[in-house]
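Summary of structural features
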Amino acid sequence: MENCDFFQDFKANIISQYNDCDAYKLLCSSQNYDPNKELKVEDDMEKVPFITTTLFKKSANMYTKLLRTEPKNLDKWTVSSSTSGDPSIVGRSKQDLLQIKKFVEREGQTLDSTSQYNCVFYPEPEVMRKHKSIQILDKPTESYIGNILDTFSFSENTNFLLHPYKGEFSIDMEDFLEFLKEHDKKNQHISLRGSTLLLYNAVENLKDKMKPFQLGDRCTIHTGGGGWDGKKGSVNLGIKIERSKFVEEVSTFLGVPEENFIDTYSFTENTFPITGHYSKKYKSYLFHIPSWGRVILRDIKTLKPVHKEGQRGLIQMLNAYGTSSFAGASIMVDDIGEIVSEDRCPECGFNGMTIRIIGRVKGSEAKGCGATLNIKEVENV
Ligand SMILES: [Zn+2]
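These remarks concern the structure in this document. Just so it is clear, the structure is predicted and the values come from calculations on it, not from any experiment.

1. Examining the environment of Lys139
Residue placement: Lys139 occurs in strand 6 (residues 139-143). Counting along the chain gives 65 residues from Lys139 to Leu74, while the straight-line C-alpha distance between them is 7.3 Å. The residues contacting Lys139, other than those within four sequence positions of it, are Pro71, Leu74, Lys76 and Trp77.

2. Description of the pairing of strand 6
Relative to strand 6, strand 2 (residues 76-79) runs parallel, the two being bridged by 3 bridges. Counted as the bridge partner of Thr78 is Glu142 from strand 6. As judged from the 2 bridges shared by strand 5 (residues 135-136) and strand 6, these two strands associate in the antiparallel manner. Following the sheet pairing, Gln135 is matched in strand 6 by Pro140. Linking strand 5 to strand 6, which pair antiparallel, is a turn of 2 residues; within it Leu137 sits at a positive phi near 45°.

3. Describing the packing of helix 4 (residues 94-106) against helix 6 (residues 144-151)
At a closest axis distance of 9 Å, the pairing of helix 4 and helix 6 adopts a crossing angle of 55°. The angle between helix 4 and helix 6 falls in the class oblique. Every pair of crossing elements has a handedness; the one defined by helix 4 and helix 6 is right-handed. In this structure, helix 4 contributes Leu97, Ile100, Lys101 and Val104 to the contact, and helix 6 contributes Asn147, Ile148 and Thr151.

4. Quick word on the sheet that holds strand 2
Across the sheet, which stays open at both edges, the 4 strands sit in the order 3-2-6-5 with mixed pairing between neighbours. Looking at strand neighbours, the two that pair on one side only are strand 3 (89-92) and strand 5, the edges of this open sheet.

5. Thoughts on the nonpolar core
Ranked by size, the top nonpolar core spans 92 residues in total, and within it Ile51, Leu66, Tyr122, Leu199 and Val250 carry the most contacts. Of all the elements, helix 8 (residues 196-207) adds the most residues to this core, at 6 residues. Apart from residues no more than four positions distant in its own chain, Tyr122 is found in contact with Met128, Ile145, Leu149, Phe160, Leu162, Gly194 and Ser195.

6. Considerations on helix 4
Helix length check: helix 4, at 13 residues, gives a terminal C-alpha distance of 19 Å against a target of 18 Å (1.5 Å per residue), a fit within 8%. Within the span of helix 4, buried status applies to Asp96, Leu97, Gln99, Ile100, Phe103 and Val104. One side of helix 4 holds all its buried residues, which, seen down the axis, span an arc of 150°. Those residues of helix 4 hidden inside the fold are in contact with strand 3 and helix 6.

Conventions adopted
The residue numbering used here restarts from 1 in each chain and proceeds along that chain's sequence as written. Totals for whole chains, interfaces and linings use all residues, but because this is a predicted model, local features are given only for residues with pLDDT of at least 70 and pairs of side-chain atoms are given and counted only at 80 or more. Per the convention used, a helix needs a DSSP run of H or I reaching at least four residues, while a strand needs a run of E reaching at least two, with both numbered from the N terminus. The contact rule is simple: place each C-beta atom from the backbone, and if two of them lie within 7 Å, those residues are in contact. In short, DSSP must find at least two bridges between two strands for them to pair. Where helices are involved, their axes are fitted lines through C-alpha atoms of the stretch in contact, as for all axes, and angles between N-to-C directions lie from 0 to 180°. Geometric relationships in this document are graded by angle, where less than 35 degrees denotes roughly parallel, more than 145 denotes roughly antiparallel, 65 to 115 denotes roughly perpendicular, and other angles denote oblique. By definition, any crossing whose near helix is turned counterclockwise from its far helix by less than a right angle is left-handed, and any crossing with a clockwise turn is right-handed. To define a nonpolar core, we join buried Ala, Val, Leu, Ile, Met, Phe, Trp, Tyr and Cys residues through C-beta atoms within 7 Å and take the resulting set. Here a residue counts as buried when 20 or more other C-beta atoms fall within 10 Å of its C-beta, as exposed when 12 or fewer do, and as partly exposed in between; the C-beta atoms come from the backbone. Take the number of residues in a helix, subtract one, and multiply by 1.5 Å to get its expected span. The directions from the helix axis to the C-beta atoms form the arc being described.

Listed below in structure tokens is the structure:
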């Protein structure tokens with residue numbers, strides 16, 4: 001992965017997936033596609049058939065068919081947090097999980113992972129991982145977010161604010177308030193991380209009752225796990241959170257500069273997370289696509305790739321690494337992204353594709369073997 005040749009590695013991965021997974025081979029055959037013959041140059045990656053995330057849903061009952069190995073070789077089933085009770089179920093080996101950790105480590109600087117004090121709007125990684133775990137074919141299910149938390153090296157001084165309560169979690173607001181008081185006006189190297197919804201709720205809850213804090217410009221506010229549509233797991237706010245409103249309000253109340261806000265985007269069926277820094281100009285997070293992954297945005301009606309700045313499309317992620325146990329090399333999700341630039345971040349100069357995340361397509365459903373998506377309504381943000 002270091003100094004990777006993404007195209008060659010992706011090609012090898014997709015050919016292995018084609019050979020290992022009959023369901024994917026069937027999908028390719030239905031499109032008269034053979035990766036052995038058709039992947040000659042980089043641009044050919046746009047033609048690689050994708051599997052939609054809806055096929056990994058429990059209700060689709062396909063997750064065992066989307067494996068590239070026998071279930072006995074899996075370490076666990078990673079499951080998404082689901083508002084509807086229909087989570088995605090993705091079988092992963094130890095090796096594939098380790099790859100996610102390597103990605104997160106490579107983003108250490110962007111993620112400001114060396115901060116001395118962490119306050120986290122999630123439970124402790126192990127508690128999160130094992131929440132509502134069941135056995136499927138003799139392997140445990142575990143929360144995907146819990147596994148992502150596990151890849152992160154939190155400092156010893158980390159407050160995990162969520163604790164098990166009546167089968168769900170409750171947030172320790174006293175602990176949060178204490179953390180804020182303890183670090184107020186000290187300009188220490190600290191970070192607040194975790195669920196967008198819970199952090200937003202906590203700040204909304206406190207801001208009318210007390211004066212703002214001043215955590216300073218060495219503090220990072222790192223959200224992840226989505227939730228901008230107001231829903232995540234068992235939490236449902238009933239409203240969407242505008243990214244600019246979130247950043248402005250949290251920045252004002254906690255006394256942290258807006259440029260210190262970052263957001264991580266990924267989903268259970270994908271391997272490489274992407275991270276965005278907040279841009280005042282775009283009133284959104286600008287996500288950099290790292291050299292070890294590719295993103296293709298596809299027009300929501302035609303599913304053709306879009307390339308121009310400002311064009312929007314469904315997000316397809318290409319993985320060359322970390323999908324040895326499941327058919328995750330080419331995945332389409334029902335989220336919409338917008339091209340900010342194909343080659344350079346206009347704000348920080350990062351060399352590479354830069355996108356914003358717009359929101360989720362509503363009413364999407366996979367047809368047949370996931371070759372197409374039926375889009376009924378698009379959310380405008
Ligand atoms: Zn940038």
